[in-house]
Each structure stands twice: as structure tokens, then as C-alpha cells.
Amino acid sequence: MQFSFVINIRKCRFAVKLDLIIDNAEIITMDPARPQASRMGILHGRIVGLDEEISGLDAQKTLNVDGRSVVPGFIDAHCHTAWFGLGLLDLSVEGISTFHELFASLARAAVNTPELKWLVASGFDHKLFNDEFPTLTQLDAATGDVPLFLRHNSGHLAVVNSAALRAIGADSPDFPDPIGGTIARDAHGRPTGLVEETGQQLFQHCFQPRTLEDLTTALGLATEVYAREGITSFTEAGIGGGWIGHSPVELAAYQRAAADGSLKARAQLMPVLDVLHPVEGHSNDGDSLGLDLGVRTGFGSDMLSLGPVKVFLDGSLLGETAAVSEPYCSHGNETNIGYFQSNPDGLRSRIQAAYRSGWSIAAHAIGDRAIDMAIDLIADLQNSYGRRTVPNRIEHATVTRPEQVSAIAAAGIAVTPQASFFRNGGDGMMASLGVKRSTWAYRAASFIDAGVMVAGSSDRPVADGNVLRGMQAYVDRLTGSGVVFGGADERLTRQQALAIYTSGAAAATGTQLSRGSLSPGKLADIVVLSSSPLDAPDITELQVEATLLGGELTHNVLPAYANPAKPPPTVEPAE
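Residues numbered from 1 in each chain as written. Predicted model: local features only at pLDDT ≥ 70, side-chain atom pairs only at ≥ 80, totals over all residues. Heavy atoms only, no water.

Colleague: It is not clear to me how a nonpolar patch on the surface should be interpreted in this structure. Could you clarify?
Modeller: Residues Leu-88, Leu-89 and Leu-221 make up a contiguous nonpolar surface patch of about 230 Å² in total accessible area. In this fold, Leu-88 is placed in helix H2 (residues 81-89). Residue Leu-88 is classed as partly exposed on the basis of its relative accessible area of 44%. (Patch = residues over 30% accessible without salt bridge, like charges linked within 9 Å, V, L, I, M, F, W, Y side chains within 5 Å. Areas by Shrake-Rupley, 256 points an atom, 1.4 Å probe, with all protein chains shown as cover. Salt bridge = Lys/Arg side-chain N within 4 Å of Asp/Glu carboxyl O. Helix = DSSP H or I, 4+ residues; strand = E, 2+ residues; numbered from the N terminus. Buried < 20%, exposed > 50% of the residue type's maximum accessible area, 1.4 Å probe, protein only.)

Colleague: Sorry, what's going on with the packing of helix H3 (residues 99-111) against helix H4 (residues 136-143) here?
Modeller: Relative placement of two packed helices is described by the angle separating their axes and the distance separating the axes. Contact geometry for H3 and H4: axes closest at 7 Å, N-to-C directions at 40°. Here H3 lies oblique to H4, going by the angle between them. In this structure, H3 contributes Phe-103, Leu-106, Ala-107 and Ala-110 to the contact, and H4 contributes Gln-138, Leu-139, Ala-142 and Thr-143. Split by residue class, the contact of H3 with H4 holds six nonpolar, two polar and no charged. (Axes fitted to C-alpha atoms, helices over the stretch in contact; angles between N-to-C directions. Parallel < 35°, antiparallel > 145°, perpendicular 65-115°, else oblique. Contact = heavy atoms within 4.5 Å. Nonpolar A, V, L, I, M, F, W, Y, C, P; charged D, E, K, R; others polar.)

Colleague: I'm lost on the nonpolar core in this one. Help?
Modeller: General note: in soluble globular proteins, nonpolar side chains tend to be found buried as a group. Counting 102 residues, the largest nonpolar core has Phe-74, Leu-313, Ile-394 and Ile-408 as its most contacted members. The element that contributes the greatest number of residues to this core is helix H10 (residues 368-385), accounting for eight residues. Ranked by size, the runner-up nonpolar core spans 19 residues in total, among them Val-70, Ala-524, Ala-546 and Leu-558. (Core = buried A, V, L, I, M, F, W, Y, C linked by side-chain atoms within 4.5 Å.)

Colleague: What is the right way to read the sheet that holds strand S25 (residues 526-529) from this model?
Modeller: Each strand in a sheet pairs with another by means of backbone hydrogen bonds, the pair being arranged parallel or else antiparallel. If you walk across this open sheet you meet the six strands as S3-S2-S7-S25-S26-S27, and the pairing is mixed. A strand with exactly one partner marks an edge of an open sheet, and here the two such strands are strand S3 (36-37) and strand S27 (552-556). Of the pairings in the sheet, the one linking strand S7 (residues 69-72) to S25 comprises four bridges and is antiparallel in character. Residue pairing across strands places Val-71 opposite Val-527, the latter belonging to S25. (Pairing = 2+ DSSP bridges.)

Colleague: Whenever I open this one, the pairing of S7 confuses me. Can you help?
Modeller: On a regular strand, one side chain projects to one face of the sheet and the next to the other, so that they alternate. Strand direction decides the pairing type here: strand S2 (residues 26-28) and S7, joined by two bridges, are parallel. If you follow Ile-27 over to S7, its bridge partner there is Val-70.

Colleague: Looking at this structure, I do not really get helix H12 (residues 422-438). What am I missing?
Modeller: Every α-helix carries 3.6 residues per turn, so stepping three or four residues along brings you back to the same face. Helix length check: H12, at 17 residues, gives a terminal C-alpha distance of 11 Å against a target of 24 Å (1.5 Å per residue), a shortfall beyond 12%. Along its length, H12 reaches its greatest deviation from straightness, about 80°, at Ser-432. Looking at H12, one finds that the buried residues are Phe-422, Gly-425, Gly-426, Met-429, Ser-432, Leu-433, Gly-434, Arg-437 and Ser-438. Buried-residue contacts for H12 involve helix H14 (467-476). (Expected span 1.5 Å × (residues − 1). Bend = angle between axes of the 7 residues up to and from the residue.)

Colleague: Any chance you could explain H14 here in plain terms?
Modeller: With nine of its 10 residues buried, H14 lies for the most part within the structure. Restricting attention to buried positions, one finds in H14 the residues Val-467, Leu-468, Gly-470, Met-471, Gln-472, Ala-473, Tyr-474, Val-475 and Asp-476. Against the buried residues of H14 lie strand S8 (74-79), strand S15 (231-239), H12, helix H15 (494-500), S25 and strand S26 (544-549). Two to three positions downstream of the cap, the backbone nitrogen of Leu-468 sits 3.1 Å from a side-chain oxygen, assigning the N-cap of H14 to Asn-466. Positive backbone phi, at 55°, marks Arg-477, one or two positions downstream of H14. (Polar contact = N/O pair within 3.5 Å; in protein donor to acceptor, adjacent residues only side chain to side chain.)

Colleague: Looking at this structure, I do not really get unusual backbone geometry. What am I missing?
Modeller: With the exception of glycine, most residues fall at negative phi, and the peptide bonds are largely trans. The peptide bond linking Gln-208 to Pro-209 adopts the cis configuration, its omega dihedral lying at 5°. If you trace the backbone, Pro-209 turns up in the loop between helix H6 (199-204) and helix H7 (212-228). The peptide bond linking Arg-460 to Pro-461 adopts the cis configuration, its omega dihedral lying at 5°. The phi dihedral of Glu-197 is positive, around 50°, even though this residue is not glycine.

Colleague: Is there a simple way to explain the packing of aromatic side chains in this structure?
Modeller: Taken as a whole and assessed by the stated rule, the structure comprises 15 aromatic pairs. Where Phe-99 meets Phe-103, the ring centres are 5.6 Å apart and the plane angle is 10°; that geometry is what we call stacked. Linking Phe-99 with Phe-103, this pair stays in helix H3, spanning four residues, or about one helical turn. Of the two residues, Phe-99 and Phe-103, neither departs from the other in class, the shared state being buried. For the ring pair Tyr-474 and Tyr-501, a centre distance of 6.4 Å and an interplane angle of 65° mean the geometry is edge-to-face. Pair noted here: Tyr-474 is in helix H14 and Tyr-501 is in the loop between H15 and helix H16 (503-508), with a separation of 27 residues, a long-range link. Look at Tyr-474 and you get buried, because its relative accessible area is 0%. (Phe/Tyr/Trp six-rings, centres within 6.5 Å; stacked < 30°, edge-to-face > 60°.)

Put into C-alpha cells, the structure is as follows:
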């Protein structure tokens, strides 16, 4: 289809006027059949040809980039865009590292919180406080009777005050923990204010769902940041319900943002398993678990589509709730092996029903015990019902034993590890895992060598979402203390690092026919960089100078040429 599209352009070259030509560029296509080019033609939002394929063709506009590098639009295959955007609207304590500053920030916000409303904040990281959490007494002194929900940056923990505990009755010593979560208590049975995993939902019900107006605004704010960073596609890892969702109608907010033009990147959305429900059809159709009208993975458009269903198997490595086969190494925590978020047998039955109904599976599995379950489950489903066009995935795939790597490759399962954790969380993770298991954590080179589909992703806002910093982290794997995380043999080349955020992520998200490389027929999702990421000593020093989505600029800071005789490197009408 792509080849015939180019042929038709050639046949009509004297009648066709392209929308845009990008000229004088160092184009890194990520297409093995044609790795480099210097000119690119765009028509109706798609690439129609490179170099000689567009020779003699005119365009409405020309973008002369004066030798800068042009690469495919970046793809973040696992992030939480609504959460990130709401964090731009709500109180953020990200980066705060002293309790004095934290309590002052919460106190100021509490004073301005309307009566009967909750104070919702995000970005707390106990690692910045020497692994300490604030006490209930301290939180109550800062916030008074205003109920507080302070989300940990991992998303798997939260801190609440006494007013919040009273609001749901959790101040009682008889209050039960939910399945797959806890409300932490001291030796006397009194709550400490720390809430883990599914326990967060009990509090979130008090201030959710978020309004469509807030969500739509949040998506616009978040994807404006994406445009500035060169991200043109992303996968939203969990919408509609569970402790990670913000509204049962989150998809409607995405539709609104896409319709009004505020959505600046293409979105693939993962509904959480909790929101799927029985859908009746013809008696011959069999039992179906899904969304209304029977929509399933793949439904939608290039701009907005449904991806796999998101399934939580275990918890967090940062919070040491991920299900591992051997205890964590933290002092005083030598018996902790984490836990599953639901009863494995019941979860398996629901996942099977979803897969049988046409949903691909994205299994959140961080610990190796959870990864065992994910591999076994997905392999069984594929053997029974076949593989999917949108690949099944293991989200994070953090602590992966050597034999699990080959099993993942054999089953054709995609993985989404995050190098973005190395800088700020790597030292703590290595301390939790110990020396041997640290070499298994957040693999990269060994996945690629084994033939596993590896997708670049950030888990934003849990970690830094900047792709250029993510690429550099895959290249050097340095922690905050300067130690190599997991071993130097897991480092990637610059070419590999660029690939996992482009062609690799496209394959893992099932969108490789439309994006991931700058090839004729594909979407004109493009990033202009100040210089080549394949040559830069430090990729983080590069600048995203322009981003195009479907051939339209969503971000542009290209400077004027020093030589005024040359045209400025901005989009201008062709002569």
C-alpha cells in the first residue's frame, strides 16, 4: 500500500503540489531499506517520498532546517498522561526534600481548599527524605480538618491525614484492608497515614471522578509538554477505573481534546481490567467481556485508539510491593517478597475472558514472581486463541531472570522497561534487590539480543518523561551516585536507544505500519533536533527545535540563520 502510494505520486508529479518539503536535513529514517536522506515530501499528513522520489515536485511550504537532524516522532509506550496533566493543575510537591518545606506547602494549599473538598497533591518521594514518611501528627498540624490525599511519585503509595481516614472510617482498628492493598498501622493497630496499592481507591472515591473539563484541560497541558519534547505518540497505561483511573468516562475527555485540537500527540488508551464487563450478543458469539458495543483493542483512529487492557499483577519496586521470588534486601524487611494485587486464580479467569473477547493484554509485572505469571498466562492465551495484531505486553518487566528473557522472546511478548528510573531511583532499587538481582533489573541489551520487542517508555509522572534523557540513560545507565545500574553489558548503542523510542515502540504498540520510521506512506510525525543523537557525546544536550504531527508544526523554536541572506529555517510559502 505504501509503495503504490509513492508510485501514484510519481505518475502525477506534474499535477501534484505537496503540502510541505523538509529540505537540507540530515534525515535518520530508522528504515533499514533506506537509512538516510536529505529531503522529504509530505502530502495530506503523510510522507510521500525522499530525495529523488520528490525531485521536480513543488510544495505549498518549505522547511529548510540548515543541516539539522530529522528523526521519527518519539513514542512513549507507557505513561500516565491524564495523571501527569492533572498534576500540572493540582498541588505538586515534586522535588521537595525537607519536611519543613513539605508541611509549609501543604498548609498553604489547605487554607485555600474549599470547604468539604479534598486537598489532592502529588509527587511525594520518601527517598528524598532518607526513606522517612511524615507522621499523622505532622500532617494533621499542617492540614487541619481538610482531608489530604498525597500521592507518592510511584503511584503505588499515598499518604493521608486523620481527616481522610475519618472520612472513610479507616481510623477504626477494625477497618479491614482491601484485597491487594493495605492501610498501614503501627504496633498498636493505629493507622500511620501510609496507604498501599488498592487501598488508595477507598480514599479516591471521595474526590473522584474528576470532571471532564479538568481532564480535557489536563490532557492539553500534558501533550503541550510532549510536543516540546518531540513526543508524537503515547500509550496511556490505564484509564476508566481502578486506583490509576480518574473517571469512568476518561475516554470522553480524550475525544474532546482530540476534537478541539488541544491533544498534541496521538493517544493509544489502555482501559483497566476493572472497567470491562459482560457484553451480551448472539448466543453463538460466546461469553464476552469488554466495553459497550463490543469495542476492543484496535478500535479508533490514528489519533485516538484503544490498546490492550491493563492488568495489574503486582506492585512497585520503589515501594517494595512487587512480587519477587526472594525477599528484598532492605534492613529489617528480610521476609518481604511483595504480593499480587488480586487473587491469581480469579484474575486469570477474567483475563482469559477479556482475551477471548478480542483484547490484547498488558500485564503490569515488576517482580520476577509476577513475570512468571505473566509469561505463563500470555503464552497459554496465545496458544489457545492465537496472537494479536497489537502485541501482548509485560509492563515494566523489571526483575527478569535469564531464563525468563528467552521465554518472553519465544512468546513474542513486548516489554516496556524504563531507564528513566536509573538517575533518581537506581541506587535505592539496587539496595533493595542486592547485587545479583540488580543485574536482572530493567534489562535492555539482553532483551534486544534475544529478539524481544522493547518499547521506550517513561512511566511519567512516576519518572522523568524526557525522551532525550531516557535515551542517554539507556546508553550510560548511570545512577545518581554515578554507579552503572545493573551492569555495563546492558547498555545500548545510540542507534539502539533511538530505535526503541521510534521503530521499536511502534512495533510494540502495533502501530508500525503508520509510524516509527520516516518511510513513504507513513504518518509525517517528525522531530527536528539540533544535531544527530547518533553522534552526540551527551544526548541530553540536544535540543528539540521542532515537532510535526501529521506534517503540522506543534512546536517550533528553530532560530533564524546567522547569515541574513539565507531564508530563516521556519515554514514559509514556496516560491
